[in-house]
Amino acid sequence: MKQFFSDFSKLIKFRLTFLVVFSASVTFLIGSKIQVDRAILPQIDWNNWLILIVGGFLVTGAANCFNEIIEKDLDKLMSRTKDRPMPAGRMTTGQGLVLGLIMGMAGTWLLGKLNLETGLISVFSILLYAFAYTPLKRKSPIAVFVGAIPGALPPLIGYLAALGKTTVFSVVDYQIAGILFLVQFVWQFPHFWSIAWVLDDDYKKAGFRLLPTKKRDKTSAIFTFVSTLVLIPVSLLPTFYGFGGYYIAGVSVLAGLLFSWYGYQLVVKMDLPSARKVMFCSFFYIPLVQLVLLFDLIV
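Within any chain, residue numbers begin from 1 and follow the written order of that chain's sequence. In view of the model being predicted, local features appear only for residues whose pLDDT reaches at least 70, and side-chain atom pairs are presented and counted only at 80 or more, with totals across whole chains, interfaces and linings using the full set of residues. Water and hydrogen atoms play no part in the side-chain values, which are based on all heavy atoms of the structure.

Enquirer: Explain the overall build of the protein chain here, please?
Expert: Secondary structure elements follow DSSP: runs of H or I of four or more residues count as helices, runs of E of two or more count as strands, with numbering from the N terminus. Helices and strands together make up the secondary structure of the protein chain, namely 13 helices and 0 strands. Reading the secondary structure of the protein chain in the N-to-C direction produces α-α-α-α-α-α-α-α-α-α-α-α-α. Atoms considered for the radius of gyration are the C-alpha atoms alone. The globule rule reads 2.2 Å times the number of residues to the power 0.38. Taken over C-alpha atoms, the radius of gyration comes to 19 Å for the protein chain, in line with the 19 Å a tight globule of 299 residues would show. Based on the C-alpha atoms only, the size of the protein chain along its principal axes is roughly 55 × 50 × 30 Å. Scored against the burial criterion, the 299 residues of the protein chain give a buried share of 53%. In this analysis, two residues are considered to be in contact whenever any of their non-hydrogen atoms come within 4.5 Å of each other. Partitioning the contacts of the protein chain with sequence separation of at least 6, the portion at a separation of at least 24 is 76%. Only the protein chains shown count as covering a residue, and every accessible area follows the Shrake-Rupley method with a 1.4 Å probe. Carbon together with sulfur atoms contributes 70% to the accessible area of the protein chain, which is approximately 13700 Å² in total. Charged residues are defined here as Lys and Arg on the positive side and Asp and Glu on the negative side; His and the ends of the chain fall outside this count. To locate a charge, take atom NZ for lysine, CZ for arginine, CG for aspartate or CD for glutamate. Across the protein chain, 27 positive and 16 negative side-chain charges occur, with their mean positions spaced 6 Å apart. Exposure categories follow from relative accessible area, calculated using a 1.4 Å probe and restricted to protein chains: below 20% of the type maximum is buried, above 50% is exposed, and the middle band is partly exposed.

See below:
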C-alpha cells in the first residue's frame, strides 16, 4: 500500500499538482471576496471551493499522468524521472491511461458543475499540456511559451469558478481573471528557464530543448533576467486596475526586485548556484503574491 501511494504521488507529480491547486483555490477566494464586496454574491461558497480543490486536483493529476505516458521511454533516460512508476516498470501504460481517464473525466465533471467556462478551460488545459507542450519539449524552446499557457490557467479557473452558475460574467470579471492569468503566465518564463538551466544536463539525455538558445549561455541567462524584469510592471496591474492595494503593490515590487537581482546574478556568473536561486525564488513568488493579494482584499 505504501508503494502504491508513493507511485501515485509520482504519477500525478504531487508537488506540482499541489501548487496548481493552491493557486486556483486562492484565486477562488480572491474572486469570491470581490463578488461579495460588490454585493453580487451573499457570501463565499465553501462547498464550491472544495469542489474546485478536488476537481482541480483530479484534472491536474490527469494531465501529468498523460504527460508521463507519452514520455515513459524518455523518463527512463533521466536520473530525476527514471524511478517514476511507468519507466520503472511498476505500472503499465494501460493502467496509467485508465487512471488518467478516470481522473480527467471526474475532475472535468466536478469543475463543470461550478460553471461551463471552468469545465471547458480545464479540458483545454489537459489537451494543451499533454498533447502540445509535451511533444514540443524535444523540438523547440517554443515549448516553454506553449507550456506557460496551461501553467497560467489555474488562477483563471479559480477566479471564474468563484462566480458560480448564477452570476452574469461582466467585462470587469474577465479583466480581473485575465490579469491573474497574465501575472502567472509571465512568471512561468523565469520559472521554466531557471529549472531548465539547473536540469539541463539531465534534460539533454532525453533531448529536451527548453532553454531559449537550447544551451546554458549568456543569451539564455539574459532572457531569464529580462523575464523577471517584465514581471514587475505586470504584477502591479491589480493595483493599477483597482482590485489590489498598497500591500500587494509593495510586496510585488520587493519580490520582483529580489527575483530580478537573482536573474542578474545568473547573467553575471552563469553558474548553477545562481540558477538555483532564481528557481527557488520562483517557487515562493506566486504563492506569496497571491496570498498578499487576498490579504489586501480582506483588510
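Enquirer: Before we go on, may I ask you to explain the environment of Ala206 in this structure?
Expert: Note on placement: Ala206 falls in helix H9 (residues 200-206). Its relative accessible area of 2% is what places Ala206 among the buried residues. Linking Ala206 and Phe145, residues 61 residues apart in sequence, is a C-alpha distance of 20 Å.

Enquirer: Even after reading the chapter, I still don't get the pattern of salt bridges, so can you show me in this structure?
Expert: Between side chains of opposite charge, a pair can form as their charged atoms come close. Within this document, salt bridges are pairs made up of a side-chain nitrogen of Lys or Arg and a carboxyl oxygen of Asp or Glu, the two lying within 4 Å of each other. Per the stated rule, a full pass over the model turns up 12 salt bridges. Of the charged contacts, one joins Glu71 and Lys137 as a salt bridge, the two residues approaching to 3.0 Å between their closest N and O atoms. With Glu71 in the loop between helix H3 (46-70) and helix H4 (72-75) and Lys137 in the loop between helix H6 (116-136) and helix H7 (142-162), this pair connects stretches of sequence that are 66 residues apart. Each member of the pair, Glu71 as well as Lys137, is classed as buried. Taking the shortest distance from any N to any O, the salt bridge between Asp201 and Arg216 comes out at 3.4 Å.

Enquirer: Could you clarify how one ought to interpret the environment of Leu254 in this entry?
Expert: Note on placement: Leu254 falls in helix H12 (residues 246-269). Since its relative accessible area comes to 62%, Leu254 is described here as exposed.

Enquirer: Hey, could you run me through the side chain of Arg84 in this one?
Expert: Locating Arg84 in the fold gives a position in the loop between H4 and helix H5 (93-114). Setting aside chain neighbours within four positions, we find Arg84 in contact with Lys10, Lys13, Glu68, Asp75 and Arg90.

Enquirer: How should the nonpolar core be read in this particular structure?
Expert: The tendency in soluble globular proteins is for nonpolar side chains to be buried as a group. The biggest cluster of nonpolar side chains holds 84 residues, and the ones touching the most others in it are Leu52, Tyr159, Leu160 and Tyr285. No other element matches helix H8 (residues 171-198), which puts 16 residues into this core. Residues contacting Leu52, with those up to four places away along its chain left out, are Ala24, Ser25, Phe28, Phe57, Leu111, Leu114, Ile157, Gly158 and Ala161. We call a set of buried Ala, Val, Leu, Ile, Met, Phe, Trp, Tyr and Cys residues a nonpolar core when their side-chain atoms join them within 4.5 Å.

Enquirer: Would you mind going over the confidence of the model for the protein chain with me for this structure?
Expert: Any segment with low pLDDT has predicted coordinates that should not be analysed in fine detail. Confidence scores per residue from the predictor, reported as pLDDT, run from 0 to 100. Residues of the protein chain with pLDDT of at least 70 account for 99%, and the chain-wide mean is 93. Across the protein chain, the element-wise mean pLDDT spans from 86 in helix H1 (residues 2-11) up to 97 in helix H10 (residues 218-235).

Enquirer: Just checking my understanding: could you explain the packing of aromatic side chains for this structure?
Expert: Describing an aromatic ring pair means giving the distance of the ring centres and the angle of the ring planes. Any pair of Phe, Tyr and Trp rings, taking the six-membered ring for Trp, is counted once the centres come within 6.5 Å. Such a pair is stacked with planes under 30 degrees apart, edge-to-face with planes over 60 apart, and tilted for the rest. Throughout the structure, instances matching the rule amount to 22 aromatic pairs. Arranged with centres 5.7 Å apart and planes meeting at 35°, the rings of Phe259 and Tyr285 form a pair that is tilted. Of the two residues, Phe259 sits in helix H12 while Tyr285 sits in helix H13 (residues 272-298), which places them 26 residues apart along the sequence. Accessibility expressed as a relative area gives 0% for Phe259, which makes it buried. Charge-over-ring placement is defined geometrically: NZ (Lys) or CZ (Arg) within 6 Å of the ring centre, and within 35 degrees of the ring normal. Directly above the aromatic system of Phe208 lies the positively charged group of Lys137, at a separation of 4.4 Å from the ring centroid.

Enquirer: Mind showing me how you'd approach a positive patch on the surface here?
Expert: The residues that make up patches have over 30% relative accessible area and no salt bridge, and they are joined within 9 Å when like-charged or within 5 Å when they are Val, Leu, Ile, Met, Phe, Trp or Tyr. On the surface, Arg138, Lys139, Arg209 and Lys214 cluster together to form a positively charged patch. Along the chain, Lys214 falls in the loop between H9 and H10. The exposure class of Lys214 is partly exposed, given its relative accessible area of 42%.

Enquirer: Could you clarify how one ought to interpret the packing of helix H2 (residues 14-37) against H8 in this entry?
Expert: The description of two helices packed together rests on the angle between their axes and the distance between the axes. Inter-axis angles, ranging from 0 to 180 degrees, are taken between N-to-C directions of lines fitted to C-alpha atoms, where helices are fitted over the stretch in contact. Look at H2 against H8: their axes get within 12 Å of each other, and the N-to-C directions meet at 155°. Our classification of the angle between H2 and H8 gives roughly antiparallel. Two packed elements cross with a definite hand, and for H2 against H8 that hand is right-handed. Between H2 and H8, the residues in contact are Leu19, Ser23, Thr27, Ile34 and Gln35 and Asp173, Ile176, Leu180, Gln184 and Trp187, respectively. Of the residues contributing to the contact of H2 with H8, the split by class is 5 nonpolar, 4 polar and 1 charged. What sets the label is the angle itself: under 35 degrees gives roughly parallel, over 145 gives roughly antiparallel, 65 to 115 gives roughly perpendicular, and the rest give oblique. Throughout, a crossing is termed right-handed when the near helix is turned clockwise from the far one, and left-handed when it is turned anticlockwise from it by less than a right angle. We call Asp, Glu, Lys and Arg charged. Ala, Val, Leu, Ile, Met, Phe, Trp, Tyr, Cys and Pro are nonpolar, and the rest, Gly among them, are polar.

Enquirer: Just checking my understanding: could you explain H6 for this structure?
Expert: An α-helix turns once per 3.6 residues; consequently, residues spaced three or four apart project the same way. Residue count minus one, scaled by 1.5 Å, sets the expected span of a helix. Across its 21 residues, H6 extends 29 Å between first and last C-alpha, which sits within 8% of the 30 Å expected from 1.5 Å per residue. A bend of about 30° at Leu128 is the largest found in H6. Turning to H6, its buried residues are Thr118, Gly119, Ile121, Ser122, Ser125, Ile126, Leu128, Tyr129, Ala130, Tyr133 and Thr134. Structurally, H6 contributes buried residues whose contacts are with H2, H3, H5, H7 and H8. Throughout, the bend at a residue refers to the angle made by two axes, fitted to the seven residues ending there and to the seven starting there.

Enquirer: Could you clarify how one ought to interpret the packing of H8 against H10 in this entry?
Expert: Between H8 and H10, the least distance of the axes is 9 Å, while the angle of their chain directions is 155°. In terms of their interaxial angle, H8 and H10 are classed as roughly antiparallel. Between H8 and H10 lies a crossing of left-handed hand. Residues Leu182, Val183, Val186, Trp187, Phe189, Pro190, Trp193 and Trp197 of H8 pack against Ser220, Ala221, Phe223, Thr224, Ser227, Thr228, Val230, Leu231, Val234 and Ser235 of H10.

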